[in-house]
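Given next are the chains, with one letter for each unit.
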Amino acid sequence: MTIRLLLLALLLPFSFVVVACSPADDDDSSADDDDAADDDDAADDDDSSADDDDAADDDDSAASGCPEGDALDGTLIAVDLLLVTANAPATPGACVHLTLWGFDTNIADQSANNLGTFIAPVDALPGAAQVSFPADAHEQIEPGGDVPADNNFYVTGWLDVNANGVEDTGDYTDGKPQFWAASPPASTSVTLSEVN
């Protein structure tokens, strides 16, 4: 009997240790699962998707409320946006709409051909934007266009101050286009005045 008690006394602590260790290991492994759940807290992945949202914020800044115009994929022409008056208003969130036109000067009463409309955000006037002159600009002039020296080009524009897509009171429009022949210039200008 004494031997049994001795063995029981010796085995009893080990059984508690084993029992204590096993569940603790299970708890550790489940804690590892919790650590893996920390990998779920690699809901840093959620943060990275939030970074995607931030990238979407970049998309928002790229969009900036302006509709998409034609791509700037030809010879670039810088366009200075000038004012008739001396005031220089801020125009945050505004969109400038610039259209490149071409026509054959030898054809009477010909409507100019729209060669592209380019839209960009403009935060203040005076300002600047760009249009692109397509490689086939002369071929796009109909009727005519066959003799490049006979073709004229110009840019018109309007500044949509509230970016609503409608030319209305408070916007700026132009009335004095600058014409050029044959090769595109490095720059041109659009002179704007307020629409009342």
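Since the model is a prediction, treat every value here as computed from it, not as a measurement.

J.: So, the side chain of T99: which residues are in play, and what are the values?
T.: Here T99 is to be found in strand β2 (residues 90–104). Taking the relative accessible area as the measure of exposure, T99 reaches 10% and is therefore buried. Of the polar contacts made by the side chain of T99, one reaches the side chain of T117; its length is 3.2 Å. When neighbours within four sequence positions are excluded, T99 is seen to be in contact with N114, G116, T117, Y154, V155 and T156.

J.: Pulling in residues and values, what's your account of the packing of aromatic side chains?
T.: Under the criterion given, the structure shown has six aromatic pairs. Residues F103 and F179 carry aromatic rings whose centres are separated by 6.1 Å and whose planes lie at 90 degrees to one another, so their mutual orientation is edge-to-face. Of this pair, F103 sits in strand β2 while F179 is found in the loop between β6 (172–174) and β7 (180–181), placing the two residues 76 residues apart along the sequence. Judged by relative accessible area, which is 48%, F179 ranks as partly exposed. Through successive ring pairs, a cluster of aromatic residues spans W101, F103, Y154 and F179.

J.: Describe in detail the state of the cysteines, supporting the description with residues and values.
T.: Counted by the stated rule, this structure contains one disulfide. Covalently, C66 is tied to C95 through a disulfide, its sulfur atoms 2.1 Å apart. Taking the torsion about the sulfur-sulfur bond, which here is approximately -100 degrees, the covalent link between C66 and C95 counts as left-handed. Pair noted here: C66 is in the loop between α2 (44–63) and β1 (75–83) and C95 is in strand β2, with a separation of 29 residues, a long-range link. C95 matches C66 in its accessibility class, with the two residues each being buried.

Reading the values: the criteria
Residues numbered from 1 in each chain as written. Predicted model: local features only at pLDDT ≥ 70, side-chain atom pairs only at ≥ 80, totals over all residues. Heavy atoms only, no water. Helix = DSSP H or I, 4+ residues; strand = E, 2+ residues; numbered from the N terminus. Buried < 20%, exposed > 50% of the residue type's maximum accessible area, 1.4 Å probe, protein only. Polar contact = N/O pair within 3.5 Å; in protein donor to acceptor, adjacent residues only side chain to side chain. Contact = heavy atoms within 4.5 Å. Phe/Tyr/Trp six-rings, centres within 6.5 Å; stacked < 30°, edge-to-face > 60°. Disulfide = S-S within 2.5 Å.

The values reported here are purely geometric and, on their own, carry no functional implication.
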